[in-house]
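# Observations on the model geometry
Letter by letter, the chains look like this.
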Amino acid sequence: MSEALYLQDAYLTEAPATVIGHSDQGGVIVDTPLFYATGGGQPGDQGRLSWQGGEMAVQTTVKGSFEGAITSVMVPDDGASLPAIGTEVTQHLNWDLRLRHMRMHSALHLLSVIVPLPVTGGQIGAEKSRLDFAMEQPPEDKQALEQALNALIARDLTVSEQWITDEELAANPGLVKTMSVQPPKGAGRVRLVRMGTDVEQVDLQPCGGTHVKSSAEIGKIRIGKIEKKGRLNRRVALHLID
Ligand SMILES: [Zn+2]
């Protein structure tokens, strides 16, 4: 089994693979997974698998284990017939949906720059996303926040990745902004996502999700409701304008 393709290239929309297993819940496991599995607040990918003489819609993708490693499990409709183990398939990603998730996900990284408070939770959606912050008082000026976020997006910041070891991460605990979601550990290395190049870096944090290549691709953002969630938390909603 190879590393997930979305980690190498988040813009890949189609890829061949060989079916190597079926999960106990009736999902399909392949040797070179293209589909992102639900995790870190980002929904699993949708799309379809095709092979000679067959096709299967993928409703969502979840994490599962195969021979001791965590991998993507593609979940079909109830009653769908699965490609047999050993079948060569083509994975076709629902790109429209994934791109929205990538834009939203990247926008949430930048929101955590504009609101420099500890993140206590988050959820990405195609229409609406949110981050929860340890925020006792509501922001004084929501419009100013929205303007600052859109200005950061418009700077066309390069988004890049860098891998470090678990030990390097442990030595730099300040990199972890999200208290509720610990970065994926145990594989010996962790992926850092950087917004902006070295000289104008605005954010660097561990993340296993999918992001756009440059912040301008996010497009314009509207900040929605800011809701109080418990005594110490506030939830900030984001919407893509187009
Ligand atoms: Zn991310």
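About the criteria used
- Residues numbered from 1 in each chain as written.
- Predicted model: local features only at pLDDT ≥ 70, side-chain atom pairs only at ≥ 80, totals over all residues.
- Heavy atoms only, no water.
- Domains from an automatic or database assignment.
- Contact = heavy atoms within 4.5 Å.
- Buried area = accessible area lost by both parts, 1.4 Å probe.
- Salt bridge = Lys/Arg side-chain N within 4 Å of Asp/Glu carboxyl O.
- Nonpolar A, V, L, I, M, F, W, Y, C, P; charged D, E, K, R; others polar.
- Donors = N, O, S within 2.8 Å, 3.2 Å for Na, K, Ca; no water.
- Tetrahedral: all angles 85-135°; square planar, octahedral: opposite > 155°, others 65-115°.
- Core = buried A, V, L, I, M, F, W, Y, C linked by side-chain atoms within 4.5 Å.
- Buried < 20%, exposed > 50% of the residue type's maximum accessible area, 1.4 Å probe, protein only.
- Helix = DSSP H or I, 4+ residues; strand = E, 2+ residues; numbered from the N terminus.

## Let's talk about the domain arrangement of the protein
Here the protein is partitioned into domain 1 (5-93) and domain 2 (98-240). Counting residues at the interface gives 12 residues for domain 1 and 18 residues for domain 2. Interface area for domain 1 against domain 2, summed over the two sides, is near 1,300 Å², with a carbon-plus-sulfur share of 53%. It is L7, Y11 and Q42 that lose the most area in domain 1 upon contact with domain 2, and together they represent 46% of the buried surface on that side. The tally of links between domain 1 and domain 2 comes to 1 salt bridge. Split by residue class, the side of domain 1 that touches domain 2 holds 8 nonpolar, 3 polar and 1 charged.

## Some details on the coordination of the zinc ion
Surrounding the zinc ion are the protein donor atoms H105 (NE2), H109 (NE2), C207 (SG) and H211 (NE2), at 2.0 to 2.1 Å. Taken together, the 4 donor atoms coordinating the zinc ion and their angles of 99 to 124° define a geometry best described as tetrahedral.

## Description of the nonpolar core
In terms of nonpolar packing, the biggest core is built from 29 residues, with L110, L111, F133, L149, I218, I221 and L238 touching the most fellow members. Those elements that place two or more of their residues in this core are α2 (95-114), β8 (128-134), α3 (142-154), β10 (189-195), β12 (221-229) and β13 (233-240). In terms of residues, this core owes the most to one element, α2, which gives 6 residues. Among all residues touching L110, those that are not within four sequence positions of it are L149, L152, I153, L157, M195, V202, S215 and I218.

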